[in-house]
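Each chain, letter by letter, is given below.
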Amino acid sequence: MDHSHFLSEHGELTRRFFLRAGAWGLAASQLTVNAVADESARAAQKKHVKPDKGGVRPDPYFTPSEDFRDVSRGKPLPHSLPDEKKAEVGLTRETWRLEVISDLDNPAKIGKPLTEVDGTAFDFAALLKLGETQAVRFPKVMTCLNLGCPLGMGLWEGVPLREVIWLTKPREDLRRVFYYGYHNDDPAQMFRSSLPIGRVLEDPFDLPPVILCYKLNGEWLDSERGGPVRVVVPEAYGFKSIKWLSHVVLTNLAHANDTYAEQNNDVDSPLKTFAATITIPKEVKAGEAITVSGYAQVGISGLSKVQVSLESNATERPENDPHFTTAPWVDAELLPAPLNWTALSDGRVPEQTHGFDGAGVPKTWPLRLTNAHWAAVIPGLPAGEYTFRCRTIDEHGHAQPMPRPFRKSGHAAIESIGITVAD
Ligand SMILES: Nc1nc2c(c(=O)[nH]1)N[C@H]1C(S)=C(S)[C@@H](COP(=O)(O)O)O[C@H]1N2
Ligand SMILES: [Mo]
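From a predicted model like this one, the values you see are computed outputs, not experimental measurements.

Novice: Give a description of the overall build of the protein chain that names residues and reports values.
Specialist: For the protein chain, the count of helices and strands is seven helices and 21 strands. Intrachain contacts of the protein chain at a sequence separation of at least 6 include 74% that bridge at least 24 residues. Of the roughly 18,100 Å² that the protein chain leaves accessible, carbon and sulfur atoms contribute 53%.

Novice: Got a sec to walk through the environment of C149? Specific residues and values, please.
Specialist: Take C149: it is sitting in the loop between β4 (136-142) and β5 (152-160). Between the C-alpha atoms of C149 and F178, which are 29 residues apart in sequence, the distance is 27 Å.

Novice: Break down the site of ligand 1 for me, citing the residues and quoting the values.
Specialist: Near ligand 1, the surroundings consist of 20 residues, among which R73, H183, R225, R230 and K243 are the closest. Take H183: an N or O atom from its side chain is 2.9 Å from a nitrogen atom of ligand 1. The fraction of the free accessible surface of ligand 1 (530 Å²) that becomes covered by protein chains is 100%. Spatially, ligand 1 is embedded in the largest cavity. Here the residues of the shell around ligand 1 are counted per class, giving 10 nonpolar, four polar and six charged.

Novice: Give me the lowdown on the sheet that holds strand β17 (residues 330-331), citing residues and values where you can.
Specialist: Pairing is mixed in the open sheet, where five strands are placed in the order β14-β21-β20-β16-β17. What marks the edges here is a single partner per strand, and that holds for β14 (283-285) and β17. Examined bridge by bridge, strand β16 (residues 305-312) and β17 share two bridges and lie antiparallel to one another. Note that in β17 the partner of Q307 across the bridge is D331.

Novice: Please set out the sheet that holds strand β12 (residues 245-251) residue by residue, giving values where relevant.
Specialist: Pairing is mixed across the open sheet formed by five strands, whose spatial order is β3-β1-β12-β7-β8. Both outer strands of the open sheet, β3 (122-123) and β8 (192-196), are each paired with one neighbouring strand and no more. Looking at chain direction, strand β7 (residues 176-181) and β8 are connected through five bridges and run antiparallel. Directly across from F178, in β8, lies its bridge partner S194.

Novice: If you had to explain the packing of aromatic side chains to someone new, which residues and values would you point to?
Specialist: Throughout the structure, instances matching the rule amount to 16 aromatic pairs. Look at F68 and W156: their rings are 5.7 Å apart centre to centre, the planes differ by 85 degrees, and that puts the pair in the edge-to-face class. Residue F68 is found in the loop between α3 (35-43) and α4 (83-89), and its partner W156 is found in strand β5; the two are separated by 88 residues along the sequence. Measuring from centroid to centroid gives 5.3 Å for W341 and F356, while their planes differ by 80 degrees, and the two rings are edge-to-face. In this pair, W341 is assigned in the loop between β18 (333-334) and β19 (371-378) and F356 in the loop between β18 and β19, connecting sequence segments 15 residues apart. Summarising the burial analysis for this pair, W341 and F356 share the class buried.

Novice: So, empty space enclosed by the protein: which residues are in play, and what are the values?
Specialist: All told, the structure shown has two cavities of 30 Å³ or more when counted by the stated rule. Space inside the largest cavity adds up to approximately 310 Å³. What lines the largest cavity is a set of 21 residues, and nearest its centre among them are V71, S72, R230, G238 and K243. Residues belonging to the lining of the largest cavity are distributed by class as follows: 10 nonpolar, five polar and six charged.

Novice: Please give an account of helix α5 (residues 124-134) that cites residues and values.
Specialist: Turning to α5, its buried residues are F124, L127, L130 and G131. For α5, the arc enclosing every buried residue in end-on projection is 120 degrees, short of the 170-degree limit, so these residues lie on one face. Every exposed residue of α5 that faces more than 90 degrees away from the buried side is listed here: A125, K129, E132 and T133. Sitting at the amino-terminal end of α5 is D123, which places a side-chain oxygen 3.4 Å from the backbone nitrogen of A125.

Reading the values: the criteria
Residues numbered from 1 in each chain as written. Chains lettered and ligands numbered in written order. Predicted model: local features only at pLDDT ≥ 70, side-chain atom pairs only at ≥ 80, totals over all residues. Heavy atoms only, no water. Helix = DSSP H or I, 4+ residues; strand = E, 2+ residues; numbered from the N terminus. Contact = heavy atoms within 4.5 Å. Areas by Shrake-Rupley, 256 points an atom, 1.4 Å probe, with all protein chains shown as cover. Near = heavy atom within 4 Å. Polar contact = N/O pair within 3.5 Å; in protein donor to acceptor, adjacent residues only side chain to side chain. 1 Å grid on protein atoms, 1.4 Å probe; cavity = no way out; pocket = protein on both sides within 12 Å on 5 of 7 lines; lining within 4 Å. Sits in = over half its atoms within 2 Å of the grid points. Nonpolar A, V, L, I, M, F, W, Y, C, P; charged D, E, K, R; others polar. Pairing = 2+ DSSP bridges. Phe/Tyr/Trp six-rings, centres within 6.5 Å; stacked < 30°, edge-to-face > 60°. Buried < 20%, exposed > 50% of the residue type's maximum accessible area, 1.4 Å probe, protein only. Points joined across faces, edges and corners; volume = space filled by probe spheres on them. Arc of directions from axis to C-beta.

Take a look at the structure:
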């Protein structure tokens, strides 16, 4: 498997930028992959490693399914079960069954539960049938609230979850949806998540719907990624996107019961906007311009700018400025969309993909809920030790890590990297 696409795409985009900026010669001589990114790129050669926070995925814009990182739980991991066992427990397209039932403890009034015993459980053929008229596709970075580095970026395809909920003919007392997947029939292993019913029935702003996902990058969702069917919640961190989905429970309970709530996580937090560095020289000569580049995650609040600053370590940082608002920030350049969407069949974004026009061209750039590339040329400086930082400004003018700086709501810390300007 070729792991070099993301970096080579990044390299091509930044090369064009530095050429235009008249700094290509410099960039070529300075090109040093950020230590964090570099480690992460090397680590990605081995499978199933925990990504370093703030690192970068060495993938193309869309990550091939087999190159995603897997942070799911389970002993054994559901995707590692032998094929016969998978067939037996409903983890194949032929045997998958989804039960959609009312919560016994806090019942929602529904007309027609979909259950195994009644022979009314929802199956894969019925899902595809709905998909003929209701299928939606959208790009989204899958990322864990507790890590910084993305697990992979996908073009996710499926049927809105609400279509299946409507089949149960809900009437009233329905306030939340719980859902969980197959975890070895062991209640202690259950990994569950939940959403307010309103988010499932209606899509706020211009977000895509919450889906029952069965395809990733145009291929059947594989077992490691949660196939045959997982939930994908466009604006949420990974823990809302339950894999190996087996049960949807309609409840009148008013609050979340997510497994992730147990570890002090902010379970209602949508994706944040932040920037990370990919290339930066460790050392440059005095007076020589400095070329840097990286990627930015575009969260729910959008992305208007990436900014960089290089500050002498001799500078006394003012008190009461934990978010470096007084650093000498200058704008970096957001780089354009890729020309070729490798990892998708024939390198094209299919028609009717959220955020793209009929020709497969993004309607706006960068796209919300995905990662974009950036680069900058910083004018030369006198000799000394410096700290490089990068941050984002969202569409409302908030500089990272605001407006939601809390770690358990997702990574948004401002990255700091030391750099030497030599005599
Ligand atoms: N059934 C199930 N779904 C799950 C998990 C799990 O352990 N079991 N882990 C969640 C978490 S914490 C994350 S970050 C994402 C990771 O998705 P990925 O494996 O496709 O990268 O899956 C989520 N869905
Ligand atoms: Mo996660």
